[in-house]
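Observations on chain architecture
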Amino acid sequence: MNPYVLAILLSSLGLGTTLTFASSHWLLAWMGLEINTLAIIPLMAQHHHPRAVEATTKYFLTQATAAAMILFASTTNAWITGEWDINNMSHPLATTMIMTALALKIGLAPMHFWMPEVLQGLDLLTGLIMSTWQKLAPFALIIQVAPTIDPTLLTSLGLLSTLIGGWGGLNQTQLRKILAYSSIAHMGWMIIILQYTPQLTLIALGTYIFMTSAAFLTLKMASTTKINTLTTTWSKSPILATTTALTLLSLGGLPPLTGFMPKWLILQELAKQELPLTATIMALAALLSLYFYLRLCYAMTLTISPSTTNSTTPWRTLTTQSTIPLALSTTIALGLLPITPAILTLTT
(Lines give C-alpha, C1' and ligand atoms only; values in the text may rest on other atoms or scores of the structure.)
Protein backbone atom coordinates (compact mmCIF):
# COMPACT_ATOMS: atom_id res chain seq x y z
CA MET A 1 0.00 0.00 0.00
CA ASN A 2 1.13 3.54 -0.80
CA PRO A 3 2.71 5.02 2.39
CA TYR A 4 0.77 8.28 1.97
CA VAL A 5 -2.54 6.42 1.72
CA LEU A 6 -1.55 4.29 4.72
CA ALA A 7 -0.71 7.43 6.73
CA ILE A 8 -4.12 8.96 5.85
CA LEU A 9 -5.97 5.78 6.84
CA LEU A 10 -4.10 5.36 10.14
CA SER A 11 -4.58 9.03 11.07
CA SER A 12 -8.30 8.67 10.21
CA LEU A 13 -8.44 5.67 12.57
CA GLY A 14 -6.93 7.83 15.30
CA LEU A 15 -9.24 10.74 14.47
CA GLY A 16 -12.40 8.59 14.58
CA THR A 17 -11.56 7.15 17.99
CA THR A 18 -10.49 10.53 19.41
CA LEU A 19 -13.70 12.11 18.12
CA THR A 20 -15.80 9.49 19.93
CA PHE A 21 -13.69 9.92 23.10
CA ALA A 22 -14.17 13.69 23.08
CA SER A 23 -17.86 13.81 22.23
CA SER A 24 -20.78 14.30 24.59
CA HIS A 25 -23.33 14.45 21.74
CA TRP A 26 -24.62 11.22 20.15
CA LEU A 27 -24.28 12.47 16.57
CA LEU A 28 -20.61 13.34 17.06
CA ALA A 29 -19.94 9.96 18.71
CA TRP A 30 -21.69 8.21 15.81
CA MET A 31 -19.60 10.19 13.33
CA GLY A 32 -16.41 9.09 15.11
CA LEU A 33 -17.46 5.42 14.91
CA GLU A 34 -18.26 5.79 11.20
CA ILE A 35 -14.87 7.39 10.41
CA ASN A 36 -13.26 4.54 12.34
CA THR A 37 -15.08 1.87 10.33
CA LEU A 38 -14.45 3.53 6.96
CA ALA A 39 -10.73 3.99 7.74
CA ILE A 40 -10.07 0.30 8.54
CA ILE A 41 -11.97 -1.12 5.54
CA PRO A 42 -9.23 -0.37 2.94
CA LEU A 43 -6.64 -1.83 5.37
CA MET A 44 -8.69 -5.02 5.58
CA ALA A 45 -9.14 -5.40 1.82
CA GLN A 46 -5.61 -4.36 0.82
CA HIS A 47 -4.44 -7.87 -0.16
CA HIS A 48 -7.28 -8.40 -2.69
CA HIS A 49 -7.62 -12.00 -1.57
CA PRO A 50 -11.19 -13.37 -1.80
CA ARG A 51 -11.15 -14.19 1.94
CA ALA A 52 -9.97 -10.68 2.81
CA VAL A 53 -12.70 -9.13 0.62
CA GLU A 54 -15.32 -11.43 2.19
CA ALA A 55 -14.12 -10.53 5.72
CA THR A 56 -14.20 -6.82 4.82
CA THR A 57 -17.77 -7.11 3.49
CA LYS A 58 -18.95 -8.95 6.63
CA TYR A 59 -17.24 -6.37 8.86
CA PHE A 60 -18.74 -3.45 6.93
CA LEU A 61 -22.28 -4.88 7.10
CA THR A 62 -22.15 -5.61 10.86
CA GLN A 63 -20.60 -2.23 11.70
CA ALA A 64 -23.06 -0.38 9.48
CA THR A 65 -25.96 -2.21 11.15
CA ALA A 66 -24.62 -1.31 14.61
CA ALA A 67 -24.09 2.33 13.58
CA ALA A 68 -27.65 2.55 12.20
CA MET A 69 -28.99 1.11 15.48
CA ILE A 70 -27.01 3.67 17.48
CA LEU A 71 -28.37 6.48 15.31
CA PHE A 72 -31.93 5.15 15.64
CA ALA A 73 -31.66 4.68 19.42
CA SER A 74 -30.15 8.12 20.02
CA THR A 75 -32.81 9.75 17.79
CA THR A 76 -35.51 7.85 19.71
CA ASN A 77 -34.03 9.08 23.00
CA ALA A 78 -33.90 12.67 21.70
CA TRP A 79 -37.50 12.37 20.47
CA ILE A 80 -38.78 11.11 23.83
CA THR A 81 -36.63 13.19 26.23
CA GLY A 82 -35.39 16.10 24.09
CA GLU A 83 -31.77 15.27 25.04
CA TRP A 84 -28.87 14.39 22.71
CA ASP A 85 -26.36 14.17 25.54
CA ILE A 86 -24.62 10.79 25.96
CA ASN A 87 -24.84 10.93 29.76
CA ASN A 88 -28.58 11.72 29.76
CA MET A 89 -29.93 8.46 28.39
CA SER A 90 -33.06 7.86 30.44
CA HIS A 91 -35.46 5.81 28.32
CA PRO A 92 -35.04 2.02 28.79
CA LEU A 93 -35.84 1.26 25.13
CA ALA A 94 -33.11 3.61 23.90
CA THR A 95 -30.48 2.38 26.40
CA THR A 96 -31.15 -1.30 25.61
CA MET A 97 -30.89 -0.63 21.87
CA ILE A 98 -27.67 1.34 22.32
CA MET A 99 -26.14 -1.45 24.41
CA THR A 100 -27.16 -4.08 21.82
CA ALA A 101 -25.62 -1.99 19.03
CA LEU A 102 -22.37 -1.43 20.95
CA ALA A 103 -22.22 -5.15 21.81
CA LEU A 104 -22.49 -5.85 18.06
CA LYS A 105 -19.69 -3.33 17.45
CA ILE A 106 -17.20 -5.05 19.78
CA GLY A 107 -18.40 -8.63 19.20
CA LEU A 108 -20.00 -9.54 22.52
CA ALA A 109 -21.97 -12.80 22.57
CA PRO A 110 -24.65 -13.40 21.28
CA MET A 111 -23.72 -10.76 18.64
CA HIS A 112 -20.30 -12.34 18.16
CA PHE A 113 -20.80 -14.48 15.04
CA TRP A 114 -19.03 -12.08 12.67
CA MET A 115 -15.87 -11.77 14.75
CA PRO A 116 -14.03 -15.12 14.22
CA GLU A 117 -14.97 -15.14 10.51
CA VAL A 118 -13.73 -11.59 9.92
CA LEU A 119 -10.50 -12.03 11.90
CA GLN A 120 -9.74 -15.25 10.02
CA GLY A 121 -9.79 -13.39 6.68
CA LEU A 122 -7.35 -10.65 7.72
CA ASP A 123 -3.58 -10.48 7.92
CA LEU A 124 -2.10 -10.41 11.41
CA LEU A 125 -1.39 -6.66 11.71
CA THR A 126 -4.86 -5.61 10.54
CA GLY A 127 -6.27 -8.29 12.85
CA LEU A 128 -4.29 -6.71 15.69
CA ILE A 129 -5.81 -3.28 14.96
CA MET A 130 -9.30 -4.81 14.83
CA SER A 131 -8.83 -6.70 18.11
CA THR A 132 -7.39 -3.76 20.06
CA TRP A 133 -7.81 -0.23 18.66
CA GLN A 134 -11.29 -0.81 17.22
CA LYS A 135 -12.57 -1.75 20.70
CA LEU A 136 -11.64 1.58 22.30
CA ALA A 137 -14.32 3.92 20.89
CA PRO A 138 -17.31 1.58 21.53
CA PHE A 139 -15.97 0.89 25.04
CA ALA A 140 -15.79 4.61 25.78
CA LEU A 141 -19.51 4.84 24.93
CA ILE A 142 -20.40 1.66 26.84
CA ILE A 143 -18.69 3.00 30.00
CA GLN A 144 -20.59 6.31 29.68
CA VAL A 145 -24.03 4.73 29.24
CA ALA A 146 -23.47 1.79 31.65
CA PRO A 147 -25.18 3.44 34.70
CA THR A 148 -28.48 3.65 32.78
CA ILE A 149 -28.41 0.09 31.35
CA ASP A 150 -30.36 -2.75 32.94
CA PRO A 151 -27.87 -4.68 35.17
CA THR A 152 -29.41 -8.04 34.14
CA LEU A 153 -28.58 -7.28 30.49
CA LEU A 154 -24.94 -6.49 31.33
CA THR A 155 -24.56 -9.63 33.48
CA SER A 156 -26.16 -11.82 30.77
CA LEU A 157 -23.89 -10.38 28.05
CA GLY A 158 -20.81 -10.87 30.25
CA LEU A 159 -21.58 -14.46 31.27
CA LEU A 160 -22.61 -15.51 27.77
CA SER A 161 -19.48 -13.97 26.24
CA THR A 162 -17.07 -15.71 28.62
CA LEU A 163 -18.82 -19.07 28.12
CA ILE A 164 -19.05 -18.81 24.32
CA GLY A 165 -15.51 -17.39 24.09
CA GLY A 166 -14.31 -20.46 25.99
CA TRP A 167 -16.44 -23.08 24.20
CA GLY A 168 -15.91 -21.66 20.73
CA GLY A 169 -12.12 -21.79 20.84
CA LEU A 170 -11.87 -25.41 21.95
CA ASN A 171 -11.97 -27.12 18.55
CA GLN A 172 -10.18 -24.46 16.48
CA THR A 173 -6.91 -25.04 14.65
CA GLN A 174 -6.61 -21.55 13.13
CA LEU A 175 -4.75 -19.19 15.45
CA ARG A 176 -6.66 -16.08 14.35
CA LYS A 177 -10.00 -17.73 15.19
CA ILE A 178 -8.61 -18.79 18.58
CA LEU A 179 -7.58 -15.17 19.26
CA ALA A 180 -11.05 -14.01 18.16
CA TYR A 181 -12.75 -16.31 20.69
CA SER A 182 -10.18 -15.22 23.27
CA SER A 183 -11.21 -11.62 22.54
CA ILE A 184 -14.92 -12.47 23.02
CA ALA A 185 -14.16 -14.10 26.39
CA HIS A 186 -12.08 -11.11 27.57
CA MET A 187 -14.84 -8.69 26.54
CA GLY A 188 -17.21 -10.71 28.75
CA TRP A 189 -14.92 -10.20 31.76
CA MET A 190 -14.88 -6.45 31.11
CA ILE A 191 -18.67 -6.15 30.73
CA ILE A 192 -19.54 -8.22 33.82
CA ILE A 193 -17.79 -5.83 36.22
CA LEU A 194 -18.81 -2.61 34.43
CA GLN A 195 -21.87 -1.90 36.60
CA TYR A 196 -19.91 -2.23 39.87
CA THR A 197 -16.44 -0.76 39.23
CA PRO A 198 -15.80 0.71 35.76
CA GLN A 199 -12.12 1.22 36.75
CA LEU A 200 -11.62 -2.55 36.67
CA THR A 201 -13.10 -2.62 33.15
CA LEU A 202 -10.40 -0.15 32.09
CA ILE A 203 -7.65 -2.20 33.79
CA ALA A 204 -8.92 -5.37 32.08
CA LEU A 205 -9.09 -3.57 28.70
CA GLY A 206 -5.55 -2.22 29.09
CA THR A 207 -4.02 -5.58 30.02
CA TYR A 208 -6.02 -7.33 27.26
CA ILE A 209 -4.66 -4.88 24.65
CA PHE A 210 -1.04 -5.48 25.68
CA MET A 211 -1.41 -9.27 25.89
CA THR A 212 -3.19 -9.51 22.53
CA SER A 213 -0.62 -7.20 20.92
CA ALA A 214 2.16 -9.46 22.19
CA ALA A 215 0.35 -12.55 20.82
CA PHE A 216 -0.33 -11.06 17.36
CA LEU A 217 3.17 -9.58 16.97
CA THR A 218 4.72 -12.92 17.96
CA LEU A 219 2.65 -14.77 15.36
CA LYS A 220 3.65 -12.14 12.80
CA MET A 221 7.32 -12.59 13.70
CA ALA A 222 7.05 -16.38 13.41
CA SER A 223 4.81 -16.17 10.26
CA THR A 224 2.33 -18.69 11.68
CA THR A 225 -1.44 -18.82 11.35
CA LYS A 226 -2.15 -22.49 12.17
CA ILE A 227 -1.36 -24.72 15.17
CA ASN A 228 0.68 -27.23 13.14
CA THR A 229 3.06 -24.53 11.85
CA LEU A 230 3.40 -23.33 15.46
CA THR A 231 5.22 -26.60 16.28
CA THR A 232 8.30 -25.53 14.29
CA THR A 233 8.70 -22.11 15.93
CA TRP A 234 11.23 -23.33 18.50
CA SER A 235 13.79 -24.19 15.79
CA LYS A 236 13.58 -20.68 14.36
CA SER A 237 13.65 -18.76 17.62
CA PRO A 238 13.77 -20.70 20.92
CA ILE A 239 13.49 -17.57 23.11
CA LEU A 240 10.46 -16.37 21.16
CA ALA A 241 8.82 -19.77 21.65
CA THR A 242 9.37 -19.48 25.42
CA THR A 243 7.99 -15.94 25.71
CA THR A 244 5.01 -16.84 23.49
CA ALA A 245 4.09 -19.75 25.74
CA LEU A 246 4.21 -17.38 28.73
CA THR A 247 2.16 -14.72 26.87
CA LEU A 248 -0.53 -17.32 26.09
CA LEU A 249 -0.63 -18.39 29.73
CA SER A 250 -0.92 -14.72 30.67
CA LEU A 251 -3.94 -14.43 28.32
CA GLY A 252 -5.35 -17.46 30.14
CA GLY A 253 -4.95 -15.62 33.45
CA LEU A 254 -2.34 -17.69 35.30
CA PRO A 255 -0.29 -16.17 38.12
CA PRO A 256 2.38 -14.77 38.37
CA LEU A 257 1.71 -13.16 34.95
CA THR A 258 -0.06 -9.89 34.13
CA GLY A 259 -3.25 -11.62 32.90
CA PHE A 260 -3.99 -12.89 36.41
CA MET A 261 -4.41 -9.34 37.75
CA PRO A 262 -7.72 -8.29 36.07
CA LYS A 263 -9.33 -11.72 36.63
CA TRP A 264 -8.29 -11.75 40.28
CA LEU A 265 -9.58 -8.21 40.92
CA ILE A 266 -12.85 -8.87 39.03
CA LEU A 267 -13.57 -12.09 40.95
CA GLN A 268 -12.73 -10.32 44.21
CA GLU A 269 -15.14 -7.48 43.37
CA LEU A 270 -17.91 -9.92 42.38
CA ALA A 271 -17.45 -11.69 45.73
CA LYS A 272 -17.66 -8.31 47.53
CA GLN A 273 -20.93 -7.58 45.67
CA GLU A 274 -22.27 -10.90 47.05
CA LEU A 275 -22.45 -12.61 43.65
CA PRO A 276 -20.69 -15.91 44.40
CA LEU A 277 -22.56 -17.85 41.67
CA THR A 278 -21.59 -15.34 38.95
CA ALA A 279 -17.97 -15.37 40.16
CA THR A 280 -17.91 -19.20 40.11
CA ILE A 281 -19.32 -19.39 36.55
CA MET A 282 -16.76 -16.79 35.38
CA ALA A 283 -13.88 -18.71 36.99
CA LEU A 284 -15.03 -21.99 35.40
CA ALA A 285 -15.46 -20.29 32.00
CA ALA A 286 -11.86 -19.03 32.33
CA LEU A 287 -10.78 -22.69 32.57
CA LEU A 288 -12.29 -23.35 29.13
CA SER A 289 -10.18 -20.54 27.65
CA LEU A 290 -7.14 -21.79 29.54
CA TYR A 291 -7.50 -25.20 27.88
CA PHE A 292 -7.01 -23.88 24.37
CA TYR A 293 -4.12 -21.63 25.43
CA LEU A 294 -2.50 -24.72 26.97
CA ARG A 295 -3.05 -26.54 23.67
CA LEU A 296 -1.05 -23.83 21.90
CA CYS A 297 1.68 -23.97 24.57
CA TYR A 298 1.83 -27.75 24.19
CA ALA A 299 2.17 -27.44 20.41
CA MET A 300 4.93 -24.86 20.75
CA THR A 301 7.07 -26.25 23.53
CA LEU A 302 6.30 -29.95 24.04
CA THR A 303 6.26 -31.25 20.46
CA ILE A 304 9.95 -30.58 19.81
CA SER A 305 12.62 -33.16 18.92
CA PRO A 306 12.71 -36.18 19.16
CA SER A 307 8.93 -36.02 18.46
CA THR A 308 8.13 -36.01 14.76
CA THR A 309 6.11 -33.22 13.18
CA ASN A 310 4.32 -33.11 9.83
CA SER A 311 5.24 -29.48 9.23
CA THR A 312 8.31 -28.43 7.34
CA THR A 313 10.86 -26.60 9.48
CA PRO A 314 11.07 -22.96 8.38
CA TRP A 315 14.17 -21.26 7.04
CA ARG A 316 15.85 -18.99 9.57
CA THR A 317 15.41 -15.90 7.46
CA LEU A 318 16.08 -12.45 8.86
CA THR A 319 12.84 -10.69 9.70
CA THR A 320 12.12 -7.13 8.58
CA GLN A 321 9.66 -6.57 11.44
CA SER A 322 10.60 -4.12 14.17
CA THR A 323 11.15 -6.06 17.39
CA ILE A 324 10.74 -3.13 19.82
CA PRO A 325 6.88 -3.20 19.91
CA LEU A 326 7.01 -6.98 20.41
CA ALA A 327 9.57 -6.70 23.22
CA LEU A 328 7.58 -3.94 24.98
CA SER A 329 4.19 -5.65 24.73
CA THR A 330 5.65 -9.01 25.81
CA THR A 331 7.36 -7.44 28.84
CA ILE A 332 4.12 -5.72 29.88
CA ALA A 333 2.10 -8.91 29.21
CA LEU A 334 4.35 -10.91 31.53
CA GLY A 335 5.52 -8.67 34.32
CA LEU A 336 2.88 -6.24 35.63
CA LEU A 337 1.41 -8.40 38.41
CA PRO A 338 3.82 -7.15 41.15
CA ILE A 339 2.71 -3.54 40.59
CA THR A 340 -1.02 -4.31 41.00
CA PRO A 341 -1.33 -2.00 44.08
CA ALA A 342 0.14 0.91 42.10
CA ILE A 343 -2.27 0.29 39.21
CA LEU A 344 -5.17 0.14 41.68
CA THR A 345 -4.22 3.51 43.19
CA LEU A 346 -4.24 5.03 39.71
CA THR A 347 -7.82 3.94 39.16
CA THR A 348 -9.36 4.93 42.48
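Residues numbered from 1 in each chain as written. Predicted model: local features only at pLDDT ≥ 70, side-chain atom pairs only at ≥ 80, totals over all residues. Heavy atoms only, no water.

Some words on unusual backbone geometry
For the bond running from A109 to P110, omega is 5 degrees, close enough to zero to count as cis. Within the element layout of this structure, P110 appears in the loop between α4 (92-106) and α5 (114-120). In the Ramachandran plot, S223 falls in the positive-phi region, its phi being about 55 degrees despite a non-glycine side chain. The residue S223 is located in the loop between α10 (198-222) and α11 (227-230) in this model. Unlike most non-glycine residues, E274 shows phi in positive territory, near 60 degrees. (Helix = DSSP H or I, 4+ residues; strand = E, 2+ residues; numbered from the N terminus.)

Observations regarding the environment of L104
Within the fold, L104 resides in helix α4. When its relative accessible area of 13% is taken as the criterion, L104 is described as buried. For the pair formed by L104 and G206, sequence separation is 102 residues and the distance between their alpha carbons is 21 Å. The contacts of L104, once residues within four sequence positions are left out, are T62, Q63, T65, A66, M111 and W114. (Buried < 20%, exposed > 50% of the residue type's maximum accessible area, 1.4 Å probe, protein only. Contact = heavy atoms within 4.5 Å.)

Looking at α4
The terminal C-alpha atoms of α4 lie 21 Å apart, and with 15 residues this matches the ideal 21 Å at 1.5 Å per residue to within 8%. The complete set of buried residues in α4 reads A94, T95, M97, I98, M99, A101, L102, A103, L104, K105 and I106. Residues of α4 that are buried in the fold lie against α2 (26-44), α3 (50-81), α5, α7 (133-145), α8 (151-168) and α9 (175-192). G107 sits one or two positions beyond α4 and adopts a positive phi of about 85 degrees. (Expected span 1.5 Å × (residues − 1).)

A short note on the domain arrangement of the protein chain
The domain boundaries assigned to the protein chain delineate domain 1 (1-123) and domain 2 (150-306 + 323-347). Placing a centre on the C-alpha atoms of domain 1 and another on those of domain 2 gives a separation of 24 Å. Taken together, the contact pairs 17 residues of domain 1 with 18 residues of domain 2. Summing both sides of the interface, domain 1 and domain 2 together bury roughly 1,500 Å²; the carbon and sulfur share of this comes to 74%. Where E117 meets K177, a salt bridge forms, and the shortest distance between an N and an O atom there is 3.6 Å. Inspection of the domain 1/domain 2 interface yields four residue pairs in polar contact (both at pLDDT 80 or more). (Domains from an automatic or database assignment. Buried area = accessible area lost by both parts, 1.4 Å probe. Salt bridge = Lys/Arg side-chain N within 4 Å of Asp/Glu carboxyl O. Polar contact = N/O pair within 3.5 Å; in protein donor to acceptor, adjacent residues only side chain to side chain.)

Thoughts on the packing of α3 against α4
Interhelical geometry of α3 versus α4 gives an angle of 165 degrees and a closest axis separation of 8 Å. Considering the angle they form, α3 stands roughly antiparallel to α4. Along this stretch, α3 crosses α4, giving a crossing that reads as left-handed. Two secondary-structure elements touch here, α3 through T62, Q63, T65, A66, A67, M69, I70, F72, A73, S74, T76 and N77 and α4 through L93, A94, M97, I98, T100, A101, L102, L104 and K105. Here the contact of α3 with α4 is built from residues that sort into 13 nonpolar, seven polar and one charged. (Axes fitted to C-alpha atoms, helices over the stretch in contact; angles between N-to-C directions. Parallel < 35°, antiparallel > 145°, perpendicular 65-115°, else oblique. Left-handed = near helix turned anticlockwise from the far one by under 90°. Nonpolar A, V, L, I, M, F, W, Y, C, P; charged D, E, K, R; others polar.)

Let's talk about the packing of aromatic side chains
For the structure shown, the criterion picks out three aromatic pairs. The side chain of K263 reaches across the aromatic face of W189, ending 5.3 Å from its centre. (Phe/Tyr/Trp six-rings, centres within 6.5 Å; stacked < 30°, edge-to-face > 60°. Lys NZ or Arg CZ within 6 Å of the ring centre and 35° of its normal.)

Some remarks on the nonpolar core
By size, the foremost hydrophobic cluster in this structure holds 100 residues, and its most contacted members are W26, M130 and I191. At 14 residues, the largest contribution of residues to this core is made by α10. There are two domains that each give this core at least three residues, and those are domain 1 (1-123) and domain 2 (150-306 + 323-347). (Core = buried A, V, L, I, M, F, W, Y, C linked by side-chain atoms within 4.5 Å.)

A closer look at the pattern of salt bridges
All chains considered together, the criterion is met by three salt bridges. K58 is the partner of E117 in a salt bridge, and the nearest nitrogen-oxygen pair spans 3.9 Å. Of this pair, E117 sits in helix α5 while K58 sits in helix α3, placing them 59 residues apart in sequence. Using a relative accessible area of 37% as the deciding quantity, one classes E117 as partly exposed. Each of E54, K58, E117 and K177 takes part in salt bridges that share partners, so that together they form one network.

As for the UniProt feature "transmembrane region" (unreviewed entry) in the protein chain
Mapped onto this structure's residue numbering, the UniProt feature "transmembrane region" (unreviewed entry) falls at residues 57-80, 92-113, 152-171, 178-196, 202-219, 239-257 and 277-294. From the first C-alpha to the last, residues 57-80 spans 34 Å; its make-up is 100% helix and 0% strand. Helix makes up 68% of residues 92-113 and strand 0%, whereas the separation of the span's terminal C-alpha atoms amounts to 26 Å. (UniProt positions renumbered as here; feature names shortened; annotations may be inferred.)

Topic: the packing of α4 against α7
Direction vectors running N to C along α4 and α7 enclose 155 degrees, while the axes themselves pass 9 Å from each other. Between α4 and α7, the interaxial angle falls into the category roughly antiparallel. The handedness of the crossing between α4 and α7 comes out as left-handed. Counted together, I98, M99, L102, K105 and I106 of α4 and K135, P138, F139, L141, I142 and V145 of α7 form the full contact between these two elements. Grouping the amino acids of the contact of α4 with α7 by side-chain chemistry returns nine nonpolar, no polar and two charged.

A short note on helix α1 (residues 3-22)
Across its 20 residues, α1 extends 28 Å between first and last C-alpha, which sits within 8% of the 28 Å expected from 1.5 Å per residue. Looking only at α1, the buried set comprises L9, L13, G16, T17 and T20. Across the axial projection of α1, the buried residues extend over an arc of 85 degrees, all falling on one side. Opposite the buried face of α1, by more than 90 degrees, sit the exposed residues P3, Y4, I8 and A22. Here the buried face of α1 lies against α2, α6 (124-131) and α7. Capping the start of α1, N2 holds a side-chain oxygen 2.8 Å from the backbone nitrogen of Y4, two or three residues further along. (Arc of directions from axis to C-beta.)

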